[in-house]
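# Commentary on secondary and tertiary structure
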Amino acid sequence: MPKEDLVNLALRRSLFYSAAEIYAGSPSGFWEFGPVGEKIRRKIIDLWRKELVEREGFLEIFGAQILPEAVFKASGHLASFADPIVQCKKCNATHRADQLIAEKTNGIVPESMSTEELAKLIKQHDVQCPKCKGKDFTEVRKFNMMMKVDIGATGQQPCYLRPETCQSIFLDFPRLFKTMRVQLPLGIAQSGSSFRNEIAPRNTLLRAREFGQMEIEVFFNPKKINEVPRFSEVENYKLNLQTLKDKSPRAMNCKEAVEKKIISAKLIAYYLARAQQCWHAFGIPIEKMRFRQLADDEKAFYSRESWDFEVETELGWVELIACNYRTDYDLAGHAKESKQDLKVKEEGCEEAFIPHVFELSAGIDRTLFVALSLALKTEKRGPEERTFMELPPRIAPYLVGVFPLMKKDGMLEKAQEIEEELVSYGLDVFFDEVGSIGKRYARVDEVGVPFAVTVDYDTMKDGTVTLRERDSMEQKRVKAAELPLLLWKLQNNKIKFKDI
Ligand code: ATP
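Residues numbered from 1 in each chain as written. Predicted model: local features only at pLDDT ≥ 70, side-chain atom pairs only at ≥ 80, totals over all residues. Heavy atoms only, no water.

Turning next to the packing of aromatic side chains. Within this structure, the stated rule accounts for 19 aromatic pairs. A ring pair is formed by Phe 16 and Trp 31, whose centres lie 6.1 Å apart and whose planes are at 80°; its orientation type is edge-to-face. You can see Phe 16 sitting in strand β1 (residues 16–18) and its partner Trp 31 sitting in strand β2 (residues 31–33), a full 15 residues away along the chain. For Phe 16, a relative accessible area of 1% puts it in the buried group. Measuring from centroid to centroid gives 5.0 Å for Tyr 270 and Tyr 271, while their planes differ by 85°, and the two rings are edge-to-face. Tyr 271 carries the same exposure label as Tyr 270, and that label is buried. Taken together, the aromatic side chains of Phe 16, Trp 31, Phe 33 and Phe 369 make up a single cluster linked through ring pairs. Sitting above the plane of the Phe 497 ring, Lys 476 keeps its charged end 5.3 Å from the centroid. (Phe/Tyr/Trp six-rings, centres within 6.5 Å; stacked < 30°, edge-to-face > 60°. Helix = DSSP H or I, 4+ residues; strand = E, 2+ residues; numbered from the N terminus. Buried < 20%, exposed > 50% of the residue type's maximum accessible area, 1.4 Å probe, protein only. Lys NZ or Arg CZ within 6 Å of the ring centre and 35° of its normal.)

In the vicinity of the ligand lie 15 residues, with Arg 196, Glu 198, Arg 207, Ala 208 and Glu 319 positioned nearest. Leu 320 is positioned with one of its backbone polar atoms (N or O) 3.0 Å from an oxygen atom of the ligand. Here an oxygen atom of the ligand and a side-chain polar atom of Arg 366 are 3.0 Å apart. In isolation the ligand has 590 Å² of accessible area, and contact with the protein removes 84% of it. With 4 residues, the single largest contributor to the shell around the ligand is strand β16 (residues 316–327). When the residues that make up the shell around the ligand are grouped by side-chain class, the tally is 7 nonpolar, 3 polar and 5 charged. (Near = heavy atom within 4 Å. Polar contact = N/O pair within 3.5 Å; in protein donor to acceptor, adjacent residues only side chain to side chain. Areas by Shrake-Rupley, 256 points an atom, 1.4 Å probe, with all protein chains shown as cover. Nonpolar A, V, L, I, M, F, W, Y, C, P; charged D, E, K, R; others polar.)

Let us now look at the pairing of strand β17 (residues 356–363). Of all 8 residues in β17, 8 are buried; the element is thus mostly enclosed. With burial as the criterion, each face of β17 is covered, one bearing His 356, Phe 358, Leu 360 and Ala 362 and the other bearing Val 357, Glu 359, Ser 361 and Gly 363. Relative to β17, strand β11 (residues 210–220) runs antiparallel, the two sharing 8 bridges. Among the inter-strand pairings, Ile 216 is bridged to a residue of β17, identified as Leu 360. (Pairing = 2+ DSSP bridges.)

Time to look at the packing of helix α7 (residues 166–179) against helix α10 (residues 329–338). Contact geometry of α7 with α10 gives a least axis separation of 10 Å together with a crossing angle of 70°. Relative to α10, the element α7 lies roughly perpendicular. The way α7 lies across α10 gives a crossing that is right-handed. Facing α7, whose interface residues are Gln 167, Phe 170, Leu 171 and Phe 173, α10 presents Asp 330, Leu 331 and His 334. Tallied by class, residues from the contact of α7 with α10 come to 4 nonpolar, 2 polar and 1 charged. (Axes fitted to C-alpha atoms, helices over the stretch in contact; angles between N-to-C directions. Parallel < 35°, antiparallel > 145°, perpendicular 65-115°, else oblique. Left-handed = near helix turned anticlockwise from the far one by under 90°. Contact = heavy atoms within 4.5 Å.)

Our focus in this paragraph is the sheet that holds strand β20 (residues 400–404). Pairing is mixed across the open sheet formed by 5 strands, whose spatial order is β21-β20-β22-β23-β24. At either end of the open sheet lies a strand with only one pairing partner, and these are β21 (429–431) and β24 (475–479). Each adjacent strand pair in this sheet contributes to an overall mean axis angle of 30°, direction not counted.

It is worth spelling out the pattern of salt bridges at this point. Enumeration according to the criterion identifies 45 salt bridges in this entry. Two residues, Glu 379 and Arg 386, come together in a salt bridge whose shortest N-O distance is 3.1 Å. With relative accessibility at 23%, the residue Glu 379 sits in the partly exposed group. The buried category is assigned to Arg 386, whose relative accessible area is 12%. One salt bridge connects Arg 477 with Asp 456, and the closest N-O pair in it is separated by 2.8 Å. You can see Arg 477 sitting in strand β24 and its partner Asp 456 sitting in the loop between β22 (451–455) and α14 (457–462), a full 21 residues away along the chain. Overall, the relative accessible area of 36% leaves Arg 477 in the partly exposed class. Members of the salt-bridge network, linked through shared partners, are Asp 83, Arg 96, Asp 98, Glu 198 and Arg 207. (Salt bridge = Lys/Arg side-chain N within 4 Å of Asp/Glu carboxyl O.)

Bringing a nonpolar patch on the surface into the picture now. A cluster of nonpolar side chains, Leu 405, Met 406 and Tyr 457, forms an exposed patch at the surface whose accessible area comes to about 230 Å². Relative to the helices and strands, Leu 405 is located in the loop between β20 and α12 (411–424). (Patch = residues over 30% accessible without salt bridge, like charges linked within 9 Å, V, L, I, M, F, W, Y side chains within 5 Å.)

Right, let's talk about the domain arrangement of the chain for a bit. Accessible area lost on assembly of the parts is the figure often given for the size of an interface. Partitioning the chain into domains gives domain 1 (3–71 + 155–373), domain 2 (82–144) and domain 3 (398–499). Counting from both sides, the interface comprises 8 residues of domain 1 and, opposite them, 5 residues of domain 3. Carbon and sulfur atoms make up 47% of the area that domain 1 and domain 3 hide from each other, which totals about 660 Å². Looking at the side of domain 1 facing domain 3, the largest losses of area belong to Arg 13, Lys 39 and Lys 43, adding up to 62% of the total buried there. At the boundary of domain 1 with domain 3, the tally comes to 4 salt bridges. (Domains from an automatic or database assignment. Buried area = accessible area lost by both parts, 1.4 Å probe.)

Our next topic: unusual backbone geometry. The peptide bond linking Leu 184 to Pro 185 adopts the cis configuration, its omega dihedral lying at -5°. Although it is not a glycine, Asn 106 sits at a positive phi angle of roughly 55°. You can see Asn 106 is positioned in the loop between α5 (97–105) and α6 (115–124). Looking at Asn 106, the relative accessible area reads 74%, which means it is exposed.

Attention shifts here to helix α9 (residues 266–281). Counted at 1.5 Å a residue, the expected span for α9 with its 16 residues is 22 Å, and the 23 Å between its end C-alpha atoms agrees. Among the 16 residues in α9, 12 count as buried, and that is most of the element. Looking only at α9, the buried set comprises Leu 267, Ile 268, Ala 269, Tyr 270, Tyr 271, Leu 272, Ala 273, Arg 274, Ala 275, Gln 276, Cys 278 and Trp 279. Just downstream of α9 lies Gly 283, where phi reads positive at about 100°. (Expected span 1.5 Å × (residues − 1).)

Given below as C-alpha cells:
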C-alpha cells in the first residue's frame, strides 16, 4: 500500500499528525498520535515488552530525558554525533550531503566518509538541490544533532535531550547490578522518546526529530559470549541474513550462521533471532525482513559487529533496529568521565571486569509506520472497494467493535451490557451505534480492528450474536456469554476464527 494512502488515512482518522499544526511555521519532524494511533503505539511497546523484555527476564527502567553534558562527553555524542550538511547557494535550503549522493546514485554512502570526499562526490555525480535544482553548494560541514537545554535560573548547567534512550541504561547498570540480585548476562530495557535535530525530517514518522525508541542493552562477560543456555531454542530458527558478500538476503539457521562465523557468537545470533520473532509478531512478513551486515566504514566506530534489521517497503529497505556489539565502550567511557569504578565481579570469580554490551536499538514510530503500511490493504468485492488493515490482534487498536443493529427494542442496552462485560475482562472494545452496520464495519476495518460483534433481534430471543472477522468478512453465530473467552483466545492465537 503506497505511503500516501497511509498518510491520508492517518490524517483522516487522526492516527498521527503534525505537532502544533494550527500554527503555521511549526518546525517539522514532531508528531502527535491521536486516540487510535496512540493505542496502536502503546500496543507495539506492550508486545515488545511481553515478547522480548519479560520473556528474557530483562529489567525495564524509565530514565530521564534530559541528561548533563558530562554524559554525552563520555558517550562521544558531543564530539561525533554529527551529520554532514550542505547548503544550496541558490535557495539556501540545507540538505544532508550523504543523502543527496545516496539518492542520486542509488547507493549507500558510508557514515565515515570525510566532508572532502562527500564534496567531491557531489561534484562528480552532478547532484542537484531537490528544492530548486541548483547545483552550486556551500562546503560540506558537520552538524551536531544534539538538542541543548540550559537548566536552572541562570542557565549555568548545560544539559541535552537524550538522542537515544540507552545512555541511562549504561548509567543505571552499576546500581541495578548491585541492588537487584542479578547476574550476568543481564538485559536492561527502556522505551521512551529520543531527540535529534535532524537536518531533513521526512517521510513522516520515518525520520522525525522527536521519536520513540525501544532499546535493550545486554551486559555480559565477553569470555562467555558463547555460553547461551537457551541457544537450543533458536538454533534451527532461520534468520534472513545479508552479509557483506551477499547481494540479497538468504535464510540461514542460527547454528549454521555461528558455525560458519557469519555471526561471530551465539549470544549475538540468539538475540537477532528473538528480535526477528518479535517483529514477525508485529505482522511483518519474514520474507520482507533482512539483517544487513554493516561494513567497517558504515557502522558506528564503537561497534565490533553491526547488523541493521531492515524491512522492505515501497520506500525501499527501512532500518527498524540497529543491532550493535558495543563491547565495553560505554561503561569504560562513563567510568573514565565520572571517575567511578564500573567493574563487576561474577560469582565464584575473583577478577573484576567491565562487561561487554550487545544492543537491540529499535524505533517505535518506524515500526508502527512500517507495520501499518504493510498491513493496509484494498480489495475489490464486486463493484465495491474496501480498505482494511490486516494488523495482528495484539497490536490492533481495539480487539472488537460492538454494534447494536438498531437502537430500539432493547438492542442498545444489550450491546452496552456486552461491551461492559468484555471490558471487565480487560479486552479492548470499541462501541458504535451510529450509521448503517456496513459503515460501522468499514470504519473499524480501516483502522485494523480484527473482530466485530453485532447485537440483533435474534440476540434478544436466544442470546446469540454475530461475530465477524475483519480479513475474511465471514460471520458466525456465537453465544454472547461465551464471547470473553472466545475473543481472548482469538487475540492470543489459541484458536482460529475458521475453527469456531
Ligand atoms: P538512520 O541511519 O536511519 O539515521 P541511525 O542508524 O542513526 O538511523 P540509530 O542511531 O542506530 O539510527 O537508532 C536506532 C533506531 O532508532 C533506528 O533503527 C530507527 O528505528 C530509530 N531512529 C533513529 N533515528 C530516527 C529518526 N530520526 N526518526 C525515527 N526513528 C529513528
